[in-house]
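Observations on chain architecture
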Amino acid sequence: MPNSPTPGAPDLLSGLNTAQRAAVTHHAGPLLVLAGAGSGKTRVVTHRIALRLREGLPGHHVLALTFTNKAAAEMRARVDALVGGSTTLPTVGTFHATSARLLRQWAPRIGRSASFTIYDDDDQIATIKRVLKAQGVGEKSVKPSEVREAFDRAKNEGRLPEAADLPPTLLAAGGAGVAEAYEAELLRSNALDFGDLILRVAQLLEREPELAAQLRRRWPVVLVDEFQDTNPAQLRWLRALSPPETQPDLTVVGDDDQAIYGWRGADVRNMLAFEQTWPGACVVRLEQNYRSTGHILAAANAVVAHNAERLGKTLFTDAGDGHRVEVEAFDSPRDEARWVAGRVRALCRDEALGPGDFAVLLRTAALSLDLEEAFRAVGVPAVQVRGRSFYERAEVRDALAWLRLAVNPHDDVAFQRAVGAPPRGVGDTSLDALSKAAAEAQLSLYSRALMPPTSVKAKARSALSTFSGLLDAHRALASSHTPVSQVAQTVLAPLLDAMRAHALTARDRREELSQRVENVERLVVALREFSREQPEASLEAWLERVKLVSDADAVPEGAAVSMLTVHAAKGLEFPVCFVIGFEEGTFPHARALRDGEAGLDEERRLAYVAMTRARQRLTLSWCRERRTFTETHHCAPSRFIGEVPRDHIEARVEPEPIRPAGRAFGAAGRSRGDGQTRRSRDADLYADPVYDDEAGVDGHWRVGMWVWHGDLGRGRVVGVSRGVRTTLQVEFEGVGRRSVIASWVSPYDGP
DNA sequence: CACACCCTACTTTTT
DNA sequence: GTAGGGTGTG
């Protein structure tokens, strides 16, 4: 982040430009800050909060809403750095996390208990599948994911899913009652889906004025980051909290050119119409960019200028022209990946840059496949900032299901999952019968399993009774004062024992099965870590965090190249960025183009976001051919490349034809007309100087100690290097040697 | 009812 | 290439 404030700086206004200052000091009524990319938006928000607190406003009267956990964490840290200790801290959180917290207090009003479960996409799909089955709608005639999207869309738009525009295929198959049945299912399961979290708060605040009034007294000052990404339900939420007629102290910050979540129900019109919705609002534009050099900024501006519906602003910089934008073409993704990896290595050597200064931006996560291999081949550390992969593994979900049931036994999705993990003689047949009986009696699977219907066979009934007994014991344990990690250990013991036994008996898949056991063990360790950090927190709190926080929320800092999707890169910046896969069909993505002009505009904003991540160097690359799963497509360069004026582009040079495999590096050949292939220079000269294997000591890190990493598992430190950030080289079990940021691992008692 | 094996359909972005 | 569904066997 640019412009880091000096901790404890007495003057919150010094170093701000005129517009920033106006935004920080604005006092009366609603404020819209149009903040271009890299214009110091976070600085404005944090200074604005800090100024209020210094004026005597207690921190707990401030609510700051963000879109991602990453942004929330950063804002919290920066406000704390400005005012730390002098007052109570503001409430900073995502819309979803804040809503969840409120709804736990208000749970009875919506037919839930405080320990309700949050259903994510997969849980929604599982529920929908069961509902479809119960309604006799074949899964072949309707895709459950389409139904899910329809429900989501309805909730994002502030409608109940009963009013969802269901897919025509579903209606044709006679599934009109699906929405109602889905809602009933969630109610019985004591669960809420993501969309519910927002919509229910909005509805409660609208319907119960005293609740809204109470909340307004608690949070008279409200700030919203990334306002362009809010959906209609979130707007209702805000209107109820900060009614326009009261001229509330509401600050929203955003950039219509960076609206990239339309597909998830976000509506830029919230931003375009802010002045109509909150009459009398003041508008401040931040147009000076402190991030990128001139050519990069001009190129990005030129691309986004092709969009029609914009509030319109043009960013400028006084940082000088800098490097031109480089455009490279390749014959294949492999060549592209190798070239990028080689280029990173060369720049590390020539320009005093470290791997952490680089990012490779991807339109879709799958584009990273060739890159990983290429970076490995040249020995440059690179990590993909991925989504929720760890928590999506089957065995991890099984374990989570058991933990969820210990908190909320009525969670049907978890019940269905846990009853079959490990297998206990309750298969599809019994589960279908139980499910049907439960639906008829308006009971959760758990409740119905206590008195199983005769349609369930005797063997399965006894298995169900054993299972229910376990759940009862777990719940009793979870609601006692037993430490959460101990609860988890007990709850997961039967699953782990069964998995271990299975792993021992399996001949061919032993490796794989013990890996799964380890994953579940990792989950327990992660929970232990969590309860060490927050001794007061409940199992429920941890489960909520698992739902609402993704791996992508980890700030990709430090000593590795970041590979990340453009969506995940939003809000971040890197000295050097490569945007790969700039082809028609990939970026803009073919699926988005099907949505017509609006789809294309959003892709263009995505390109704008990607390009404006770069501070000093930006490379756009495309491939003449790209393989999807089976076939190879011939590709044309992205139209967005053509939208960059030539003056800002480094002369394009056609790469050499592909050389036969085996020549390892540099198949992409020369990039400049200097006649020197990358291979000959890079391979020989680059000696990895970034890490030393010296037995260094930094804080409590030392060579030989065991550490734990959330993703990579258990490993032994083999090197410590100090720099701006401490980096450890760790030999991870089953993973190999990796460089990691010290703050990402924790000490771990030996095996 | 569980498991192994085969086949297919699939990849946009994620709170 | 692979995950998840469908089918057949023990």
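For clarity, every value in this text was computed on a predicted model and none was experimentally measured. (Residues numbered from 1 in each chain as written. Chains lettered and ligands numbered in written order. Predicted model: local features only at pLDDT ≥ 70, side-chain atom pairs only at ≥ 80, totals over all residues. Heavy atoms only, no water.)

Brief notes about the overall build of chain A
Rules: Strands are runs of DSSP state E lasting at least 2 residues, helices are runs of H or I lasting at least 4, and numbering of each runs from the N terminus. Three exposure classes are used, based on accessible area relative to the maximum for each residue type with a 1.4 Å probe and protein chains only: buried under 20%, partly exposed in between, and exposed over 50%. The contact criterion used throughout is that any non-hydrogen atoms of two residues lie within 4.5 Å. Each accessible area is a Shrake-Rupley estimate made with a 1.4 Å probe; only the visible protein chains count as cover when residues are assessed.
Summing up its helical and strand segments, chain A has 30 helices and 23 strands in all. Buried residues in chain A amount to 56% of all 751 residues. Look at the contacts in chain A between residues 6 or more apart in sequence, and 74% of them connect residues 24 or more apart. Carbon together with sulfur atoms contributes 51% to the accessible area of chain A, which is approximately 31,200 Å² in total.

Let's talk about the protein's contact with DNA strand B
Quick note on the threshold: Any residue with a non-hydrogen atom lying within 4 Å of a molecule or strand is treated as near it. Any pair of nitrogen or oxygen atoms within 3.5 Å is treated as a polar contact; in protein, a donor-acceptor pairing is required on top of that, and neighbouring residues in sequence qualify only through side-chain atoms on both sides. Three residue categories are used. Nonpolar comprises Ala, Val, Leu, Ile, Met, Phe, Trp, Tyr, Cys and Pro, charged comprises Asp, Glu, Lys and Arg, and polar comprises the others, including Gly.
Within the structure, DNA strand B sits among 26 residues, and R363, G425, T429, S430 and R591 are positioned closest to it. Taken together, the sugar and phosphate atoms account for 54% of what DNA strand B places within 4 Å of the protein. Between DNA strand B and R591, the relevant distance is 2.5 Å, taken from a phosphate oxygen to a side-chain nitrogen or oxygen of the residue. Of the residues belonging to the surface near DNA strand B, the class tally is nine nonpolar, 11 polar and six charged.

Focus: the nonpolar core
Applicable threshold: Here, nonpolar core refers to any group of buried Ala, Val, Leu, Ile, Met, Phe, Trp, Tyr and Cys residues whose side-chain atoms link them within 4.5 Å.
Ranked by size, the top nonpolar core spans 48 residues in total, and within it L403, F415, L492, L539 and W542 carry the most contacts. Mapped by element, the contributors of at least two residues to this core are helix 18 (394-407), helix 19 (412-418), helix 20 (428-441), helix 21 (445-450), helix 22 (458-479), helix 23 (484-505), helix 24 (510-533) and helix 25 (539-548). With residues near it in sequence (within four places) discarded, L492 still touches A399, W402, L403, V520 and V524. Formed by 43 residues, the second largest nonpolar core is a distinct cluster that contains A329, C577, F587 and I649.

As for the packing of helix 6 (residues 144-156) against helix 8 (residues 178-188)
As a reminder, the rule being used: Between N-to-C directions, angles span 0 to 180 degrees; the directions come from axes that are lines fitted to C-alpha atoms, helices contributing only their stretch in contact. Orientation is classified from the angle alone, with under 35 degrees giving roughly parallel, over 145 giving roughly antiparallel, 65 to 115 giving roughly perpendicular, and any other angle giving oblique.
At a minimum axis separation of 12 Å, helix 6 and helix 8 run at an interaxial angle of 80 degrees. Viewed along their axes, helix 6 and helix 8 adopt a mutual orientation that is roughly perpendicular. From helix 6, V147, F151 and K155 reach across to helix 8, where they touch V178, A179, Y182, E183 and L186. Within the contact of helix 6 with helix 8, the residues separate by chemical class into six nonpolar, no polar and two charged.

A few points about the sheet that holds strand 6 (residues 221-224)
Which entries qualify depends on this criterion: DSSP calls a pair of strands paired once it identifies at least 2 bridges connecting them.
Reading across from one edge, 3-2-6-7-1-8 is the order of the six strands in this open sheet, with parallel pairing throughout. Where the open sheet ends on each side, the last strands, each with one partner, are strand 3 (91-94) and strand 8 (282-286). Along the sheet, successive strands turn relative to each other by an average axial angle of 15 degrees, direction set aside. Note that strand 2 (residues 62-66) and strand 3 share four bridges and pair parallel. Bridging across to strand 3, L63 finds its partner in T91. Here helix 3 (residues 69-83) sits on the sheet in contact with strand 2 and strand 3, set at roughly 165 degrees to strand 3. The sheet contacts of helix 4 (residues 95-106) involve strand 2, strand 3 and strand 6, and relative to strand 3 the element is tilted by about 110 degrees.

Details of the packing of aromatic side chains
Short version of the rule: Geometry of aromatic contacts follows a simple scheme: Phe, Tyr and Trp rings, the Trp one being its six-membered ring, pair when their centres are within 6.5 Å, and the pair is stacked under 30 degrees between planes, edge-to-face over 60, tilted otherwise.
Considering all chains together, one arrives at 14 aromatic pairs under this definition. Ring geometry for F95 and W237: centres 5.4 Å apart, planes at 80 degrees, overall edge-to-face. Of this pair, F95 sits in helix 4 while W237 sits in helix 11 (residues 232-241), and the two are 142 residues apart along the sequence. In this pair, the class of F95 matches that of W237, namely buried.

A short note on the sheet that holds strand 9 (residues 326-330)
The strands making up a sheet associate through backbone hydrogen bonding, with each pair oriented either parallel or antiparallel. Taking strand neighbours across the sheet as the criterion, the six strands line up as 9-14-13-10-12-11 in an open arrangement whose pairing is parallel. For this open sheet the edge positions go to strand 9 and strand 11 (382-384), each flanked by a neighbour on one side alone. Each strand of the sheet is rotated relative to its neighbour by a mean of 20 degrees, with strand direction disregarded. Sheet topology places strand 10 (residues 358-362) next to strand 12 (residues 561-565); four bridges connect them, and they run parallel. Residue pairing in the sheet places L361 in a bridge with L564 of strand 12. Docked against the sheet, helix 15 (residues 333-350) engages strand 9, strand 10, strand 12, strand 13 (574-579) and strand 14 (614-623), running at close to 155 degrees with respect to strand 14. The sheet contacts of helix 28 (residues 596-611) involve strand 10, strand 13 and strand 14, and relative to strand 14 the element is tilted by about 130 degrees.

These results come straight from atomic positions and should not be treated as a statement about function.
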